[in-house]
Amino acid sequence: MLKVFRCWICGETYLGEEAPSDCPYCGADRTLLKPAEEYEYPDVDLSDKEKENFKKALELEVDNATFYYCANNKAENPKDEGMFKRLAKVEAEHAEAICMFLDREEPAINKKSEVCSHHLPDNLESAHQREQRAIEHYRKFAKEADHSRVKEFFEAIVEIETDHLELHEKEIDNLESPEQ
Ligand SMILES: [Fe+2]
Ligand SMILES: [Fe+2]
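Trainee: Which parts of the structure should I look at to understand the overall build of the protein chain?
Mentor: When its secondary structure is counted, the protein chain shows four helices and three strands. Along the chain direction, N to C, the helices and strands of the protein chain fall in the order β-β-β-α-α-α-α. Taking 16 Å as the expected radius of gyration for a compact globule of 180 residues, we find that the protein chain reaches 17 Å, a close match to that expectation. Taken along its principal axes, the extent of the C-alpha atoms in the protein chain is 45 × 45 × 25 Å. Counting every position in the protein chain, which comprises 180 residues, the buried fraction comes to 35%. At a minimum sequence separation of 6, the contacts of the protein chain that also span at least 24 residues come to 60%.

Trainee: Honestly, the domain arrangement of the protein chain in this entry has me stumped. Any pointers?
Mentor: Domain boundaries in the protein chain define domain 1 (1–40) and domain 2 (43–176). A separation of 20 Å is found between the C-alpha centroids of domain 1 and domain 2. Listed per partner, the contact involves nine residues of domain 1 and eleven residues of domain 2. For the side of domain 1 that touches domain 2, a count of residues per class yields six nonpolar, two polar and one charged.

Trainee: Teacher, can you tell me more about the nonpolar core here?
Mentor: Grouped burial of nonpolar side chains is what soluble globular proteins tend to show. Counting residues in each nonpolar core, the largest one holds 46 residues, and the members touching the most others are Cys-7, Ile-9, Cys-23, Cys-26 and Ala-28. Elements with a contribution of two residues or more to this core: β1 (3–7), α1 (48–74), α2 (78–102), α3 (120–144) and α4 (148–176). Take this core: its biggest share by element is eleven residues, from α1. For this core, the two domains that each supply at least three residues are domain 1 (1–40) and domain 2 (43–176).

Trainee: In this structure, what is going on with α2? I would like to understand it.
Mentor: Along an α-helix, residues three or four positions apart point the same way, because every turn accommodates 3.6 residues. Helix length check: α2, at 25 residues, gives a terminal C-alpha distance of 36 Å against a target of 36 Å (1.5 Å per residue), a fit within 8%. Residue Asp-103 follows α2 closely and has a positive phi angle near 55°.

Trainee: Explain the sheet that holds strand β3 (residues 33–35) here, please?
Mentor: Strand pairing within a sheet occurs via backbone hydrogen bonds; the two strands may be parallel or antiparallel. In spatial order, the strands read β2-β1-β3; together these three strands make up an open sheet with antiparallel pairing. Edge positions in the open sheet fall to β2 (13–16) and β3, since each of these has one partner strand only. The average angle at which neighbouring strand axes cross in this sheet is 40°, direction not considered. Bridge analysis of β1 against β2 gives four bridges, and the strand direction is antiparallel. Note on β2: the bridge partner recorded for Val-4 is Leu-15.

About the cut-offs
Residues numbered from 1 in each chain as written. Chains lettered and ligands numbered in written order. Predicted model: local features only at pLDDT ≥ 70, side-chain atom pairs only at ≥ 80, totals over all residues. Helix = DSSP H or I, 4+ residues; strand = E, 2+ residues; numbered from the N terminus. Rg over C-alpha atoms; globule rule 2.2 N^0.38 Å. Buried ≥ 20, exposed ≤ 12 C-beta atoms within 10 Å, placed from the backbone. Contact = placed C-beta atoms within 7 Å. Domains from an automatic or database assignment. Nonpolar A, V, L, I, M, F, W, Y, C, P; charged D, E, K, R; others polar. Core = buried A, V, L, I, M, F, W, Y, C linked by C-beta atoms within 7 Å. Expected span 1.5 Å × (residues − 1). Pairing = 2+ DSSP bridges. Axes fitted to C-alpha atoms, helices over the stretch in contact; angles between N-to-C directions.

What follows is the structure, encoded as structure tokens:
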């Protein structure tokens with residue numbers, strides 16, 4: 001029997017018999033996928049600091065989504081291609097979610113940029129640095145939040161970007177000492 005779940009972080013709806021292990025759109029933990037009827041829009045009267053932080057976060061997300069689309073285009077096999085495409089979409093979803101708080105339209109994301117390298121190891125290294133940079137900012141933004149909904153958002157995003165960071169670490173390790 002299908003149930004309707006709605007993600008507390010990105011607001012997307014998931015249809016399934018059970019909640020998946022993570023939100024398939026933004027990557028938030030399953031505990032943040034709630035029955036759709038419990039969902040509330042993030043209608044928060046942001047402080048100036050929160051506004052400033054969301055604007056910076058939006059910049060970071062758009063920048064990282066653009067980078068991942070580039071890495072997706074340069075990938076040389078379906079696995080890497082798929083991984084980067086998924087990451088691009090997750091970061092684009094984060095950008096969209098931030099726009100709900102800022103009550104503005106989503107910015108267009110350039111899917112054909114040349115901001116990345118042709119070489120997978122360089123792209124993994126760069127991806128790692130980008131996630132690290134995002135995590136540092138979002139930890140700070142969570143601390144600076146006045147509203148619980150804002151704090152929750154940045155804490156969830158820290159978790160998600162940390163999962164990405166670990167994925168890149170694993171991929172870098174595999175390049176250096178391939179298993180199998
Ligand atoms: Fe989500
Ligand atoms: Fe993100």
